[in-house]
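Each chain is listed here by its residues.
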Amino acid sequence: MSGVIYWLDMAGVIVFALSGVILACRSRMDPFGMLVLAAVTGIGGGTLRDLVLGVRPVFWVTDPTYLWVILATVGVSLVGFHYIHRLSRGFLPVADAFGLALFTVIGTHKALLLGTSGVVAVLMGMMTGVAGGMIRDVLAQRVPMVLREEIYATAALAGGIVYVAFDALEAPLTVAIAAALIVTLGLRLAAIHWHLALPVFAWVTLPPKTHDETAAPLSTPQKAKERVRMIRRERKKH
């Protein structure tokens with residue numbers, strides 16, 4: 001199963017790197033900008049995870065294949081730039097959802113292998129899934145999806161919890177992986193399709209009142225007298 005985990009990790013890097021390339025194209029970046037966004041999206045979350053868990057050196061230093069995969073993804077994207085440019089606006093969030101699901105499972109699995117508790121493993125899975133996208137969005141001057149009301153980090157948390165639960169029940173690894181992938185991907189795709197979102201809590205700020213609004217309202221007799229005065233002024237004009 002180590003081979004399956006490895007190839008799932010590579011698939012996540014490709015998908016996330018592609019999402020970085022797409023965002024770089026829409027932000028009118030040059031090839032170097034595309035490479036930077038692809039790299040931080042593809043390996044940023046896993047790098048932070050390894051640093052937090054004390055893994056030295058981080059995974060892509062031990063296995064430079066990850067870097068070559070990112071370079072290949074960017075190279076293929078440059079060749080097929082016109083096809084990428086024609087992709088619909090919905091392709092980026094869908095590709096990002098697949099990357100989120102894959103990296104959530106990988107991060108949670110690696111944390112458990114290192115002997116962390118279930119809570120820490122869930123958080124590491126979420127970090128692996130969302131951190132790279134956060135860095136990508138910040139570099140592209142966008143509000144990261146994880147900071148909006150969209151169901152994003154919540155989907156990663158749910159997938160990590162499912163994986164930890166199946167691991168605690170000593171279920172087969174394939175079952176745990178499949179269940180976590182389905183939950184994370186299902187929640188994220190459902191949120192994209194039906195525009196599901198978490199509630200937003202914000203202070204309601206009322207605009208300052210004008211002088212006319214702060215003045216005391218006229219009573220009914222005063223309104224009648226004012227109307228009579230207006231009629232008399234109109235008659236004098238004519």
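Refer to the structure printed above.
Heads up: these notes are all about the structure in this document. Because the structure is predicted, anything quoted here is derived from the model rather than measured. (Residues numbered from 1 in each chain as written. Predicted model: local features only at pLDDT ≥ 70, side-chain atom pairs only at ≥ 80, totals over all residues. Heavy atoms only, no water.)

### A word on empty space enclosed by the protein
Enumeration over the complete set of coordinates arrives at one cavity of 30 Å³ or more. Empty space within the largest cavity amounts to approximately 40 Å³. Around the largest cavity, the lining residues are Asp 9, Gly 42, Gly 46, Arg 49, Phe 59, Phe 103, Ile 106 and Thr 128. It is helix 2 (residues 31-53) that contributes the most residues to the lining of the largest cavity, three residues altogether. (1 Å grid on protein atoms, 1.4 Å probe; cavity = no way out; pocket = protein on both sides within 12 Å on 5 of 7 lines; lining within 4 Å. Points joined across faces, edges and corners; volume = space filled by probe spheres on them. Helix = DSSP H or I, 4+ residues; strand = E, 2+ residues; numbered from the N terminus.)

### Considerations on the packing of helix 2 against helix 6 (residues 91-113)
Here helix 2 crosses helix 6 at 20°, and the two axes come no closer than 11 Å. What the angle tells us is that helix 2 and helix 6 run roughly parallel. In this structure, helix 2 crosses over helix 6, and the sense of that crossing is right-handed. Listed contacts from helix 6 to Thr 41, Gly 42, Arg 49, Asp 50 and Leu 53 of helix 2 are Phe 103, Ile 106, Gly 107, Lys 110 and Ala 111. Residues belonging to the contact of helix 2 with helix 6 are distributed by class as follows: four nonpolar, three polar and three charged. (Axes fitted to C-alpha atoms, helices over the stretch in contact; angles between N-to-C directions. Parallel < 35°, antiparallel > 145°, perpendicular 65-115°, else oblique. Left-handed = near helix turned anticlockwise from the far one by under 90°. Contact = heavy atoms within 4.5 Å. Nonpolar A, V, L, I, M, F, W, Y, C, P; charged D, E, K, R; others polar.)

### Here we look at the layout of surface pockets
Considering only enclosed or pocket space, the largest pocket measures out at about 260 Å³ in volume. If you list the elements that add at least two residues to the lining of the largest pocket, you get helix 1 (2-26) and helix 6. Residues belonging to the lining of the largest pocket are distributed by class as follows: eight nonpolar, two polar and four charged. Reported here for the second largest pocket is a volume of approximately 210 Å³. Residue lining of the second largest pocket: 14 residues in total, with Pro 93, Met 145, Arg 148, Glu 150 and Arg 188 positioned closest to the centre.

### Looking at the packing of aromatic side chains
The description of an aromatic ring pair uses the distance of the two centres, along with the angle that the planes make with each other. Inspection of the entire model under this criterion finds four aromatic pairs. With 6.1 Å between their ring centres and 70° between their planes, Tyr 6 and Tyr 66 make a pair best called edge-to-face. Within this pair, whereas Tyr 6 is found in helix 1, its partner Tyr 66 is found in helix 4 (residues 65-79), the two being separated by 60 residues in sequence. Geometrically, the ring pair formed by Phe 16 and Phe 103 is edge-to-face, given 5.1 Å between the ring centres and 90° between the ring planes. Within this pair, whereas Phe 16 is found in helix 1, its partner Phe 103 is found in helix 6, the two being separated by 87 residues in sequence. Each member of the pair, Phe 16 as well as Phe 103, is classed as buried. Cation over ring: Arg 49 sits above Phe 59, and NZ or CZ is 5.5 Å from the ring centre. (Phe/Tyr/Trp six-rings, centres within 6.5 Å; stacked < 30°, edge-to-face > 60°. Buried < 20%, exposed > 50% of the residue type's maximum accessible area, 1.4 Å probe, protein only. Lys NZ or Arg CZ within 6 Å of the ring centre and 35° of its normal.)

By themselves, these are just geometric observations and shouldn't be taken as functional.
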